[in-house]
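Each chain, written out:
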Amino acid sequence: MATQFPDDFKCPISLEIMSDPVILPSGHTFDRPNIQRWLDAGHRTCPLTKLPLPEHPSLIPNHALRSLISNYTLPSPAQLHNTQSQPNQQPQTLIATLTSAASSLDSKLESLDQLNRLSKRDAAFRAKLTESGAVAAVLKCVDSDEPSLQEKALTLLLNVSLDDDNKVGLVAEGAIARVVAVLQGGSPNSRAVAATMLTSLAVVEVNKATIGSYPYAIRALVSLLRDGKGREKKEAATALYAICSFPDNRRRAVECGAVSILIRIADSGLERAVEVLGLLAKSKDGREEMQRFSGCVKILVRVLENGSSRGIQYALLTLSSLCHFSEKMCVEARKEGVLAICVRLVEDDNEKIRKNASYLIQVLDGNHSMI
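Calculation notes
Sequence positions are assigned chain by chain, starting from 1 and proceeding in written order. Side-chain atom pairs in this predicted model are given and counted only at pLDDT of 80 or more, local residue features only at pLDDT of at least 70, and totals for whole chains, interfaces and linings cover all residues. Heavy atoms throughout the structure, all of them, feed into the side-chain values; hydrogens and water do not. One requirement defines pairing of two strands: DSSP has to find at least two bridges between them. Secondary structure elements are taken from DSSP: a helix is a run of H or I of four residues or more, a strand is a run of E of two residues or more, and numbering for both begins at the N terminus. In this analysis, two residues are considered to be in contact whenever any of their non-hydrogen atoms come within 4.5 Å of each other. The axes are straight lines fitted to the C-alpha atoms, using for helices just the contacting stretch, and the angles between their N-to-C directions are given from 0 to 180°. Angles are sorted into four bins: roughly parallel if under 35 degrees, roughly antiparallel if over 145, roughly perpendicular if 65 to 115, and oblique for all others. By the definition used in this description, the sense in which the near helix is turned from the far one sets the handedness, with an anticlockwise turn below a right angle giving left-handed and a clockwise turn giving right-handed. Within this scheme a cavity is a closed region of a 1 Å grid, computed over the protein atoms alone, that accommodates a 1.4 Å probe without allowing it to escape, whereas a pocket is open but has protein on both sides within 12 Å along at least five of seven lines; lining residues each have an atom within 4 Å of a point. Grid points are joined across faces, edges and corners, and a volume is the space filled by probe spheres set on the points. Put simply, Ala, Val, Leu, Ile, Met, Phe, Trp, Tyr, Cys and Pro go in the nonpolar bin, Asp, Glu, Lys and Arg in the charged bin, and everything else, Gly too, in the polar bin. Working definition of a nonpolar core: buried Ala, Val, Leu, Ile, Met, Phe, Trp, Tyr and Cys residues. They are joined through side-chain atoms within 4.5 Å. Summary of the burial criterion: residues with accessible area below 20% of their type's maximum are buried, those above 50% are exposed, and those between are partly exposed, where the area comes from a 1.4 Å probe applied to protein chains only. Working definition: rings of Phe, Tyr and Trp (its six-membered ring) pair if their centres are within 6.5 Å, and the pair is stacked with planes under 30 degrees apart, edge-to-face with planes over 60 apart, and tilted otherwise. Here, over-ring charges are defined by two tests on the NZ atom of lysine or the CZ atom of arginine: distance to the ring centre within 6 Å, and angle to the ring normal within 35 degrees. The arc in question is formed by the directions pointing from the helix axis toward the C-beta atoms. Here, a salt bridge means any Lys or Arg side-chain nitrogen found within 4 Å of an Asp or Glu carboxyl oxygen.

Let's shift gears to the sheet that holds strand 1 (residues 21-23). Note: strands within a sheet are paired through backbone hydrogen bonds, in either parallel or antiparallel orientation. Reading across the sheet, the 3 strands line up as 2-1-3 and stay open at both edges, with antiparallel pairing between neighbours. Only two strands of the sheet have a single neighbouring strand rather than two, namely strand 2 (29-31) and strand 3 (60-61). The sheet contact formed by strand 1 and strand 3 spans 2 bridges and is antiparallel. Counted as the bridge partner of Ile-23 is Ile-60 from strand 3. Where helix 1 (residues 32-40) meets the sheet, its contacts fall on strand 1, strand 2 and strand 3, and the angle it forms with strand 2 comes to roughly 95°.

Encoded structure:
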């Protein structure tokens, strides 16, 4: 009986099983000969989404999918060695432990521990791991209701995502759906790792848009920012900062109620929240929400007076955006003594603080129209 391959193994252009799958900047995978012919014909849009592509789009090898196609049948449990007695096993053996119905929870946890140790600092091993079809197996572990298995599997995906070539591939294989599900219902540790995972994936520009448009992704981060504990809040804020460097995502974050939550936790000392506010203040919706929050300027002034260099830098940026577009905010900032603080900060050792303070002085003096 012929092997029935999953539809994901077929090229969307030819509908044939792919021999050399590559990922387009749009995040979709095609067989290299087919997509190359498409590009050579002068097309500069994704065949699936019709979205524009760069003039010279890169084709990233999808090692994980290629390996899954060539090694569709994993070794049977009878072929496996004991994971605890062989610390230097090949990835395929450890992965097979994860996929086997006969494997105990302890054996799966031990396999993940070994894979995490080997992948954390070894780029060559991470490449070998993706080529062995590990991602699909690890994603299934992320779906587990067992917190320890879920957390270790997420940590392994985070290690794999350290290499930029893998970031788009992980998204293409469905990592975002799993990560968002964990953000919504995982253990505290798993939620923190899931937020860190989104930060890592968002390093690649195309992933910022994909994550932002994914249902509930930004909303789940904002909820974690509101309800999580120390580490969860920090990782959620970091992920929002990475994702909101893409302009469309600022509007989404504002719509999810991020502004008031960020201002409150900025006041409690989490300066990463001030960094996110600096990005959201670049959008009209973000500025309007900040203006509605009573005491926003006072909180930013406290960061100017007591914050770290990075906190001060972003508090200045946020105030500059608010005051540039609102005379009311200018009046409030002057009332809170921002001008005097900026005069002091233009002597700071940090060049960015000096530059931002100088600009804010000009905004408050009304001399920013030509800047």
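After that view of the structure, there is still more to cover.
What follows covers the packing of helix 13 (residues 230-243) against helix 16 (residues 272-280). Two numbers describe a pair of packed helices, the interaxial angle and the distance between the axes. Orientation of helix 13 relative to helix 16, taken along the N-to-C sense of each, is 25°, at an axis distance of 9 Å. With respect to helix 16, the element helix 13 is oriented roughly parallel. In this structure, the crossing between helix 13 and helix 16 has a hand that is left-handed. Of the residues in helix 16, those in contact with Lys-234, Ala-237, Thr-238, Leu-240 and Tyr-241 of helix 13 are Arg-272, Ala-273, Glu-275, Val-276 and Leu-279.

Before going further, it helps to examine the layout of surface pockets. If you add up the space inside the largest pocket, you get close to 970 Å³. Lining the largest pocket are 37 residues, and of these Asp-8, Thr-29, Val-171, Ala-172 and Glu-173 lie nearest its centre. Sorting the residues of the lining of the largest pocket by element identifies helix 2 (63-70), helix 6 (134-142), helix 8 (164-172) and helix 11 (205-213) as the ones contributing at least two each. No other element matches helix 6, which puts 4 residues into the lining of the largest pocket. Looking at side-chain class alone, the lining of the largest pocket contains 21 nonpolar, 10 polar and 6 charged residues.

Attention shifts here to the nonpolar core. In this structure, Leu-183, Leu-221, Leu-280, Met-290 and Leu-316 are the most contacted members of the largest nonpolar core, which totals 99 residues. Those residues in contact with Leu-316, other than ones at most four positions away along the chain, are Leu-304, Cys-342, Leu-345, Ile-353, Asn-356, Ala-357 and Leu-360. The next biggest cluster of nonpolar side chains, apart from the first, holds 14 residues, and it includes Cys-11, Val-22, Leu-39 and Leu-53.

Inspection of every chain in the model, using the stated rule, returns 1 aromatic pair. Ring centres of Tyr-241 and Tyr-314 lie 5.9 Å apart, and the angle between their planes is 80°; this geometry places the pair in the edge-to-face category. Residue Tyr-241 is found in helix 13, and its partner Tyr-314 is found in helix 19 (residues 309-325); the two are separated by 73 residues along the sequence. For Arg-287, the ring lying beneath its charged end belongs to Phe-325, and the centroid distance is 3.7 Å.

So, on to helix 11. When helix 11 is considered as a whole, its buried residues turn out to be Asn-207, Lys-208, Ile-211 and Gly-212. The buried residues of helix 11 occupy an angular sector of 130° when projected down its axis, which confines them to one face. Buried residues belonging to helix 11 abut helix 8, helix 9 (175-185), helix 10 (188-201), helix 12 (217-227), helix 13 and helix 14 (247-255).

Bringing the pattern of salt bridges into the picture now. Applying the stated criterion across every chain yields a total of 15 salt bridges. Among the ionic pairs, Asp-163 bridges to Arg-126, the shortest N-O distance being 2.7 Å. With Asp-163 in the loop between helix 7 (147-160) and helix 8 and Arg-126 in helix 5 (residues 123-131), this pair connects stretches of sequence that are 37 residues apart. Overall, Asp-163 belongs to the partly exposed group, its relative accessible area being 22%.

Turning our attention to the environment of Leu-364. Tracing the sequence through the fold places Leu-364 in helix 22 (residues 351-364). Relative accessible area serves as the criterion here: at 2%, Leu-364 is assigned to the buried category. Once the C-alpha coordinates of Leu-364 and Val-338 are considered, the two residues, 26 residues apart in sequence, prove to be 8.8 Å apart. Sequence-distant contacts of Leu-364, defined by excluding residues within four places in its chain, comprise Cys-323, Cys-330, Ala-333, Arg-334, Val-338 and Leu-339.

Here the focus is the packing of helix 18 (residues 296-306) against helix 19. Orientation of helix 18 relative to helix 19, taken along the N-to-C sense of each, is 150°, at an axis distance of 8 Å. Considering their axes alone, helix 18 and helix 19 lie roughly antiparallel with respect to each other. Considering only the axes of helix 18 and helix 19, their crossing is left-handed. Here Cys-296, Val-297, Leu-300, Val-303 and Leu-304 of helix 18 lie close against helix 19, whose contacting residues are Gly-311, Ile-312, Ala-315, Leu-316, Thr-318, Leu-319 and Leu-322. Looking at side-chain class alone, the contact of helix 18 with helix 19 contains 10 nonpolar, 2 polar and no charged residues.

What follows is about unusual backbone geometry. In this structure, Leu-15 takes a positive phi of about 65° despite not being glycine. Considering the arrangement of structural elements, one finds Leu-15 in the segment before strand 1. What makes Leu-15 exposed here is its relative accessible area of 58%. Even without being glycine, Tyr-216 reaches a positive phi, approximately 75°. Checked against the element boundaries, Tyr-216 lands in the loop between helix 11 and helix 12. Given a relative accessible area of 53%, Tyr-216 falls into the exposed group.

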